[in-house]
Amino acid sequence: MAATPASPYLDNSELPLRGIKVLELSHMIMGPAAGLALADLGAEVIKVEPIEGDRTRRLKGSGSGYFPVFNRNKQSLAIDLKAQEGQAVVRQLALQADMVVENFRDGSLAQYGLDYASLSAENPGLIYVSLKGFLSGPYKQRTALDEVVQMMGGLAYINGGADTPQRVAASVNDILGGTFGVVGALAALHDRHATGRGRHVRSGLFENNLLLVAQFIAQFQLTGAAPKPMGAERRPPWGVYDVFETADGRVFVAVVGDAQWRNFAQKFLPPEWAADPRLATAVDREAARPWLVPGVGEILKHWKTDELCAALEAAGLSYGPIRQPHDLLDDAHLNAGGALLKTRLPEGGEISAAALPIEFDGLKAGKRFDPPRQGGDTQAILQGLGCDAARIEALRSAGVIA
């Protein structure tokens, strides 16, 4: 009998955040992305939703993937926070939690007694993670979205064309901003072991965007020249570092060092190219891009994509075939490594979602359970708080819970 393949995922008992309780008061992407990371790493995450459910459940088109991608491994509590009884339930959960994650407008949770000051007074070990548009400064109270900070933070400019700023299609600030919130939370958790006290951690979209464009700011300070938008004039620092047409597709090829250049020239170019003094160094090759790139393109366009990729692989060179996101569903590496998690949707159907891009001793954090039904765990959560059947039914009849 053939041996059963080893699982690429950690056992639930090995997840590093097992036993940590998290209350997630969030919506859209930034907050749920933080909750996802904590949940995947083993924390017990209760997602608090309004009675009608997180609005990302109902998004269509480009927003249709938000909820199923960022809400696995969580429990759902559907409750009316505007009702005093609803506030009392959520507050009770918060006072039992290790962490609260929220991305509401600054000050809005104070009216429910769910702000850091109120909760930490009774739960001093609480780590409270606020995910906002802006950190401390004059903009602190502004409302922001990923695309807003991409525009005002230079990312859309550097990503666009000569006259047209273009947002990065992925919600990079939301996802990374949530991730940095988790980094801060884990640092605070480590500190709590020594001090017994929690922290109020804040992560901001705008400041996250600053980190993403920091290299371009430094480039301007060091060279005195503002970088041009990539869509207007792509000018990488290496000679062969571009997308090249093949006989049946396109491949990005990166040759970034002198040793790599000699290897590339020997295996893919005419002999005289390797000896050309105009291509002797990386600086020379960068200056030669106006004729070097078209020349290499004329040679590579006769290769088939698969054959070129195999040859570049054998030569130890860096490359990447140009693909669409959905092509990754068939990627041999991702499938073999368990990077795609089969995920059943609450309303039926199935998708493949990305696992966290982390391994512990060669194993990934996998899926314990699928994205929850709206309020699907409400009764179990309330029972865990000591509510009996009559109390739960009274809350339901009053419209406090779904």
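Residues numbered from 1 in each chain as written. Predicted model: local features only at pLDDT ≥ 70, side-chain atom pairs only at ≥ 80, totals over all residues. Heavy atoms only, no water.

Going by the annotation in an unreviewed UniProt entry, the name recorded for the chain is Acetyl-CoA:oxalate CoA-transferase, with Achromobacter insolitus given as the source organism.

(A) Local environment of the packing of helix α7 (residues 172-195) against helix α8 (residues 205-223). Viewed as axis vectors pointing N to C, α7 and α8 meet at an angle of 105 degrees, and their least axial separation amounts to 9 Å. The orientation of α7 with respect to α8, classified from their angle, is roughly perpendicular. Of the residues in α8, those in contact with V172, N173, D174, L176, G177 and F180 of α7 are L205, N208, N209, L211 and L212. When its residues are assigned to classes, the contact of α7 with α8 shows 6 nonpolar, 4 polar and 1 charged. (Axes fitted to C-alpha atoms, helices over the stretch in contact; angles between N-to-C directions. Helix = DSSP H or I, 4+ residues; strand = E, 2+ residues; numbered from the N terminus. Parallel < 35°, antiparallel > 145°, perpendicular 65-115°, else oblique. Contact = heavy atoms within 4.5 Å. Nonpolar A, V, L, I, M, F, W, Y, C, P; charged D, E, K, R; others polar.)

(B) Inspection of the environment of G349 at higher detail. Looking at the element boundaries, G349 is found in the loop between β10 (340-344) and β11 (350-354). G349 gets classed as partly exposed once you look at its relative accessible area, which sits at 37%. Once residues within four sequence positions are removed from consideration, G349 is found in contact with T343 and R344. (Buried < 20%, exposed > 50% of the residue type's maximum accessible area, 1.4 Å probe, protein only.)

(C) Region of the structure containing α8. The terminal C-alpha atoms of α8, which comprises 19 residues, lie 28 Å apart, in line with the 27 Å expected from a rise of 1.5 Å per residue. Along α8, the helix axis deviates most sharply at V213, where the bend reaches about 55 degrees. Buried residues belonging to α8 abut α1 (30-40), β5 (127-132), α5 (146-152), α6 (155-159), α7 and β6 (200-204). (Expected span 1.5 Å × (residues − 1). Bend = angle between axes of the 7 residues up to and from the residue.)

(D) Quick peek at the domain arrangement of the chain. Per the domain assignment, the segments making up the chain are domain 1 (21-213 + 339-398) and domain 2 (240-322). Each of domain 1 and domain 2 was reduced to a C-alpha centroid, and the two centroids are 44 Å apart. (Domains from an automatic or database assignment.)

(E) Molecular detail of a nonpolar patch on the surface. Together, Y139, L145, V148 and M152 make up a nonpolar patch on the protein surface, roughly 340 Å² of accessible area in all. A relative accessible area of 36% places V148 in the partly exposed class. (Patch = residues over 30% accessible without salt bridge, like charges linked within 9 Å, V, L, I, M, F, W, Y side chains within 5 Å. Areas by Shrake-Rupley, 256 points an atom, 1.4 Å probe, with all protein chains shown as cover. Salt bridge = Lys/Arg side-chain N within 4 Å of Asp/Glu carboxyl O.)

(F) Geometry of the side chain of R285. Mapped onto the secondary structure, R285 falls in helix α11 (residues 282-287). Overall, R285 belongs to the buried group, its relative accessible area being 3%.

(G) Structural view of the pairing of strand β3 (residues 74-78). Taking burial as the measure, the 5 residues of β3 include 5 buried ones, the bulk of the element. Of the two faces of β3, the one lined by K74, S76 and A78 and the one lined by Q75 and L77 are each fully buried. Bridging between strand β2 (residues 44-49) and β3 involves 5 bridges; their strand directions are parallel. Bridging from a neighbouring strand, V45 pairs with K74 of β3. (Pairing = 2+ DSSP bridges.)

(H) Representation of the packing of aromatic side chains. A complete count under the given rule lists 10 aromatic pairs for this structure. An angle of 45 degrees between the planes, with centres 4.9 Å apart, marks the rings of W238 and Y241 as tilted. W238 gets classed as partly exposed once you look at its relative accessible area, which sits at 28%. Ring geometry for W261 versus F264: centroids 6.3 Å apart, planes at 40 degrees, classification tilted. (Phe/Tyr/Trp six-rings, centres within 6.5 Å; stacked < 30°, edge-to-face > 60°.)

(I) Main features of the sheet that holds strand β8 (residues 250-255). With antiparallel pairing, 3 strands are arranged side by side in an open sheet as β7-β8-β9. Of all the strands in the sheet, the pair left with one neighbour each is β7 (240-245) and β9 (318-321). When strand polarity is set aside, the average angle formed by the axes of neighbouring strands in this sheet is 15 degrees. As paired elements, β7 and β8 share 6 bridges and run antiparallel to each other. Paired with Y241 across the bridge in β8 is A254. Contacting β8 and β9, helix α13 (residues 305-314) runs over the sheet at an angle of about 20 degrees to β8.

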